Amino acid sequence: MRDVRDLDWVAIQNKADSAAIRARMHHTVDAMETLLDRAGGGGLLFDADRATTEDRAIQLRQRTTAAPLWIIGDLHGDLLALETALAVIDAESTGPDRPQLIFLGDLVDDEGYGLEVLLRVFELVLQSPSDVCVIAGNHDEALAYNGVHFTSSVAPADFAEFLNTNLAHEWIVRAGKLAVRLFAQVPRALFFPDGLLVVHGGFPLVDLHSRLQETRDWNDPACLSDFVWTRCHPTARRKMPNRFSRGSQFGHEDFAAFCELGVQLGRPVTHMVRGHDHVEDRYAIHPAYARHPVLTTVALSHRLPREAFGPHRRVPTLARYVEDALPQVYRMHIPDALIDEMYPEPAEAIGEDAEAPR
């Protein structure tokens, strides 16, 4: 693990300029539409590894580049954390190869700067499509457009509400439609040759294993849903799948059973990196998973409105791929004043904190 404090915070603050990002929106949206309209698709990172154009659970070939590969977890509109992560990546990139990025999903919702984060990810894709991969999170997958207005099947769904409030704004609507289109196409899981599984949530739970053994269909909708929606229990051995809710949990023996299944089906899995669970420290490596390690990483610099406990300011994380091991965690210590300026603590929360010592 590495702690990062020494960055050009003025430059990062200038990059996290909502007005400037929106001022570029016409060009960004127009160029992104053109990219996705290309014959053969957008050509994003790992698209060439898909078995078919509809493959969403991609078994990757051996990497042939020395380019550093970075993994950015849930952002939920945290523009400050995104720009900080990009600054860290730039500072750590000393070789000739352009760094490659994997976003673990959940770019929007939970207030913040959802539109701006989305536009910045579009800009990163446009700079070099073959160096950026976006994995769909549950909030991304839940976003839809029915021809009249935007909808979402999760809560909070403030990004869909924001889009609907701006239906008269052509470019915001086009950005929203682009998001729906992109999220429908992007991967739900990446299987690395060294046994690393990269997802937003988890893996197909035990009640799907016999079906997988029979069909070997990793793109079964139920499997794709589990890659996106399942949650990690930090200590449990096993958890019963709950098909009445998409947010079933898994335990360490459940993951071990899936790793064994992967060997049987020609997709060995030994360890995993994921987002989805907003752990207080913004990363977690639970000891119970020592046999098959799991890293949870999220890039959130503040407490989200739906997070009931913990400090307002947080230390967001990102991770760097290390072959045959868990990714290396980078903790980004953003100055308190910068967090407070972009994400002021609600007045009621300040009052609660003030009374806590009694």
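Keep in mind it's a predicted model, so treat the numbers as computed, not measured. (Residues numbered from 1 in each chain as written. Predicted model: local features only at pLDDT ≥ 70, side-chain atom pairs only at ≥ 80, totals over all residues. Heavy atoms only, no water.)

Chemist: Is there a simple way to explain the environment of His302 in this structure?
Modeler: Locating His302 in the fold gives a position in the loop between β14 (294-297) and β15 (317-320). Separated by 239 residues in the primary sequence, His302 and Arg63 place their C-alpha atoms 35 Å from one another. Other than its neighbours up to four places away in sequence, His302 contacts Asp78, Arg282, Glu307, His312, Arg314, Ile339 and Tyr343. A polar contact is formed between the side chain of His302 and the side chain of Asp78, at a distance of 3.3 Å. (Helix = DSSP H or I, 4+ residues; strand = E, 2+ residues; numbered from the N terminus. Contact = heavy atoms within 4.5 Å. Polar contact = N/O pair within 3.5 Å; in protein donor to acceptor, adjacent residues only side chain to side chain.)

Chemist: Just checking my understanding: could you explain the pattern of salt bridges for this structure?
Modeler: Per the counting criterion, the structure on display carries 29 salt bridges. In this structure, the salt-bridge partner of Arg174 is Asp30, at a minimum N-O distance of 3.9 Å. Of this pair, Arg174 sits in helix α8 (residues 170-185) while Asp30 sits in helix α3 (residues 25-37); the two residues are 144 residues apart in sequence, bridging distant segments of the chain. Note that Asp340 and Arg313 form a salt bridge whose closest N and O atoms lie 2.8 Å from each other. (Salt bridge = Lys/Arg side-chain N within 4 Å of Asp/Glu carboxyl O.)

Chemist: Explanation requested: helix α5 (residues 114-127) in the structure shown.
Modeler: Quick reminder: α-helices carry 3.6 residues per turn. Residues three or four places apart thus point the same way. With 14 residues, α5 extends 20 Å from end C-alpha to end C-alpha; this agrees with the ideal 20 Å at 1.5 Å per step. The buried fraction of α5 is high, at 12 of 14 residues. Of the positions making up α5, those classed as buried are Gly114, Leu115, Glu116, Val117, Leu118, Leu119, Arg120, Val121, Phe122, Glu123, Leu124 and Val125. (Expected span 1.5 Å × (residues − 1). Buried < 20%, exposed > 50% of the residue type's maximum accessible area, 1.4 Å probe, protein only.)

Chemist: Even after reading the chapter, I still don't get the side chain of His292, so can you show me in this structure?
Modeler: Mapped onto the elements of the fold, His292 is located in the loop between β13 (283-284) and β14. Within the local environment of His292, its side chain forms a polar contact with the backbone oxygen of Thr270, the two atoms lying 3.1 Å apart.

Chemist: Can you walk me through α3 in this structure?
Modeler: The end-to-end C-alpha distance of α3 is 18 Å, a good match for the 18 Å that 13 residues give at a rise of 1.5 Å each. Every buried residue of α3 is listed here: Met25, Thr28, Val29, Met32, Glu33, Leu35 and Leu36. Considered in projection along α3, the buried side chains sweep an arc of 160° and stay on one side of the axis. With respect to the buried face of α3, the exposed residues turned more than 90 degrees away are His27 and Asp37. Where the residues of α3 are buried, they touch α2 (18-23), α5 and α8. (Arc of directions from axis to C-beta.)

Chemist: Is there a simple way to explain the packing of α5 against α8 in this structure?
Modeler: Packed helices, taken two at a time, are described by the angle between their axes plus the distance between the axes. In the contact formed by α5 and α8, the axes pass within 11 Å of each other and the chain directions differ by 65°. At the point where α5 passes α8, the crossing takes the left-handed sense. When α5 is examined against α8, the residues Leu115, Leu118, Leu119 and Phe122 are found in contact with a partner set consisting of Ile172, Ala175, Leu178, Ala179, Leu182 and Phe183. Each residue belonging to the contact of α5 with α8 can be placed in one class, and the counts come to 10 nonpolar, no polar and no charged. (Axes fitted to C-alpha atoms, helices over the stretch in contact; angles between N-to-C directions. Left-handed = near helix turned anticlockwise from the far one by under 90°. Nonpolar A, V, L, I, M, F, W, Y, C, P; charged D, E, K, R; others polar.)

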